[in-house]
Amino acid sequence: MSVQELPGGAAQPPIPPPAWQPRTDPVPLLPDPEPYRVLGTDAAAGADPALLLRLYAELVRGRRYNAQATALTKQGRLAVYPSSTGQEACEVAAALALREQDWLFPSYRDTLAAVARGLDPVQALTLLRGDWHTGYDPREHRVAPLSTPLATQLPHAVGLAHAARLKGDDVVALALVGDGGTSEGDFHEALNFAAVWRAPVVFLVQNNGFAISVPLAKQSAAPSLAHKAVGYGMPGRLVDGNDVVAVHSVLGEAMDRARRGDGPTLVEAVTYRIDAHTNADDATRYRGDGEVEVWRAHDPIRLLEHELTQRGVLDEDGIRKAAEAAETMAARLRERMNADPVLDPMDLFTHVYAAQTSQLREQAAQLRAELNASAGEGPGEDR
């Protein structure tokens with residue numbers, strides 16, 4: 001019985017369409033009930049061996065990069081380092097899914113993705129040692145500055161992607177964020193704008209189980225983070241974040257979809273943060289060793305290495321060469337990071353605005369006078 005048919009009820013006109021009708025069929029947007037996998041399934045047989053070997057080499061290099069960067073914090077060469085050990089498959093797959101003209105929008109934990117994209121490892125760590133601005137030229141590498149505030153890079157990615165679409169440029173933006181970042185307002189605003197504008201952007205959520213010490217169950221009641229996509233009118237994909245081939249495949253499909261003009265996709269990669277949140281965090285206060293060991297058994301390098309050796313694509317010599325190349329990278333990184341940077345305090349004012357404001361000019365003059373005075377020079381002299 002409708003409201004209009006209730007005895008004594010005043011007749012109410014129905015809600016006029018189309019305001020109450022669904023904008024789109026939600027069923028095709030729903031993620032699969034289980035994370036998509038390739039390794040260990042029949043789908044692995046169709047994967048390109050050359051791609052698999054490249055992914056493997058990058059995973060091995062990435063693991064060594066994480067270990068070396070973590071060691072640098074203990075030596076005082078880095079102020080802080082948020083390791084992505086255990087998550088290397090997400091980082092590597094993201095970088096390799098990009099075309100040269102595409103843009104990567106990383107978070108603070110995604111230095112490995114930037115390095116796999118081609119960024120100098122030292123430049124990727126420059127921000128974390130308190131050195132020169134972001135450490136690199138974003139336009140040169142098409143890698144946005146590493147974002148320390150949570151999720152602020154997501155609206156930036158949407159804006160760049162939307163602008164590229166308006167200009168007719170063949171550009172897709174890939175934005176990385178952690179599960180904790182999905183609780184930020186920037187996440188929701190970015191997804192809403194991206195879907196409404198059909199912007200060529202892909203969002204990759206690396207669900208590593210914890211937002212520092214807060215487990216996912218205490219910040220989201222959704223069936224999965226991928227399900228959040230449906231509310232914005234975009235597809236959600238759920239993938240095993242430790243299966244580098246699966247992540248690369250899902251991201252590739254999402255980026256092809258964006259490039260065709262079909263709009264954004266939200267991808268949730270289920271992975272795990274093996275190391276602590278940063279070197280300043282004590283992870284034993286909120287999780288047990290048993291949980292970590294379970295995920296170590298699902299290690300992304302071990303999964304891919306097993307697949308490659310079983311298929312005869314990788315042998316002991318290949319494993320040794322990948323490890324040696326990674327060690328060479330680590331030694332070079334260690335050597336360069338042990339050299340003290342030459343800093344110019346006046347750089348504080350160089351890259352704030354294209355044309356300095358009067359306030360900046362005044363501050364710069366004050367600092368120069370103080371530096372000259374400390375050096376025993378006159379206030380008007382250049383250093």
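Each remark here, short or long, concerns the structure printed above.
Read on for an overview of the structure.

Some remarks on the overall build of the chain
In terms of regular secondary structure, the chain is built from twelve helices and seven strands. For the chain, the spread of C-alpha atoms along the principal axes amounts to about 95 × 60 × 45 Å. The 383 residues of the chain split such that 45% are buried. Total accessible area on the chain stands at roughly 18900 Å², and carbon and sulfur atoms take up 54% of it. Averaging the locations of the 37 positively and 51 negatively charged side chains of the chain gives two centres separated by 1 Å.

Some details on unusual backbone geometry
For A151, which is not glycine, the phi dihedral falls at a positive 70°. You can see A151 is positioned in the loop between α5 (138–141) and α6 (153–167). Unlike most non-glycine residues, I212 shows phi in positive territory, near 55°. When you line up the elements, I212 lands in the loop between β4 (210–211) and β5 (214–215). With relative accessibility at 42%, the residue I212 sits in the partly exposed group.

What to know about the pairing of strand β7 (residues 265–270)
Judged by how many residues are buried, β7 sits mostly within the fold: five of six residues are covered. Across six bridges, strand β3 (residues 201–207) lies against β7 in parallel orientation. Residue pairing in the sheet places Q206 in a bridge with A269 of β7. Running through helix α8 (residues 244–259), the crossover from strand β6 (residues 236–240) to the neighbouring parallel element β7 is right-handed.

A few points about the nonpolar core
Among the nonpolar cores identified, the biggest contains 64 residues, and L125 and L304 are the most heavily contacted of them. With nine residues, α8 is the largest single contributor of residues to this core. Discounting chain neighbours no more than four positions away, the residues touching L125 are Y65, A69, L72, L78, Y81, L333 and M337.

Some remarks on the sheet that holds strand β2 (residues 173–178)
Overall, parallel pairing links the five strands, which are arranged β1-β2-β3-β7-β6 in an open sheet. In the strand order of this sheet, the two ends are held by β1 (103–105) and β6, each with one partner. On average, each strand axis in the sheet is inclined to that of its neighbour by 20°, with strand direction left out of account. By the bridge criterion, five bridges tie β6 to β7 in an arrangement that is parallel. Note on β7: the bridge partner recorded for V239 is A269.

Quick notes on the environment of N66
Within the secondary structure, N66 is located in helix α1 (residues 49–74). Residues N66 and Y81, spaced 15 residues apart in sequence, show a C-alpha to C-alpha distance of 8.8 Å. Apart from residues lying up to four places away in sequence, N66 is in contact with Y81, S83, S84, T85, E88 and L112. Polar contacts involving the side chain of N66 include one to the side chain of Y81, which spans 2.7 Å.

Digging into helix α7 (residues 185–197)
A rise of 1.5 Å per residue sets the reference length of α7, with its 13 residues, at 18 Å; its end C-alpha atoms lie 18 Å apart and thus fit the reference within 8%. Taken residue by residue, α7 has F187, A190, L191, A194 and A195 as its buried positions. Summarising the axial view, the buried residues of α7 lie within an arc of 120°, below the 170-degree limit, and thus occupy one face. Just past α7, the residue R198 takes up positive phi, approximately 55°.

Thoughts on the pattern of salt bridges
Following the criterion strictly, the structure yields 19 salt bridges and no others. With a shortest N-O distance of 2.9 Å, E327 and R64 are connected by a salt bridge. Of this pair, E327 sits in helix α11 (residues 316–337) while R64 sits in helix α1, and the two are 263 residues apart along the sequence. Of the residues examined, E327 reaches a relative accessible area of 36% and is grouped as partly exposed. The shortest N-O distance in the salt bridge between R259 and D170 comes to 3.1 Å.

Rules used in this analysis
- Residues numbered from 1 in each chain as written.
- Predicted model: local features only at pLDDT ≥ 70, side-chain atom pairs only at ≥ 80, totals over all residues.
- Heavy atoms only, no water.
- Helix = DSSP H or I, 4+ residues; strand = E, 2+ residues; numbered from the N terminus.
- Buried < 20%, exposed > 50% of the residue type's maximum accessible area, 1.4 Å probe, protein only.
- Areas by Shrake-Rupley, 256 points an atom, 1.4 Å probe, with all protein chains shown as cover.
- Lys, Arg positive; Asp, Glu negative; His and termini not counted.
- Charge placed at Lys NZ, Arg CZ, Asp CG, Glu CD.
- Pairing = 2+ DSSP bridges.
- Right-handed = clockwise from strand over helix to strand, strands pointing away.
- Core = buried A, V, L, I, M, F, W, Y, C linked by side-chain atoms within 4.5 Å.
- Contact = heavy atoms within 4.5 Å.
- Axes fitted to C-alpha atoms, helices over the stretch in contact; angles between N-to-C directions.
- Polar contact = N/O pair within 3.5 Å; in protein donor to acceptor, adjacent residues only side chain to side chain.
- Expected span 1.5 Å × (residues − 1).
- Arc of directions from axis to C-beta.
- Salt bridge = Lys/Arg side-chain N within 4 Å of Asp/Glu carboxyl O.

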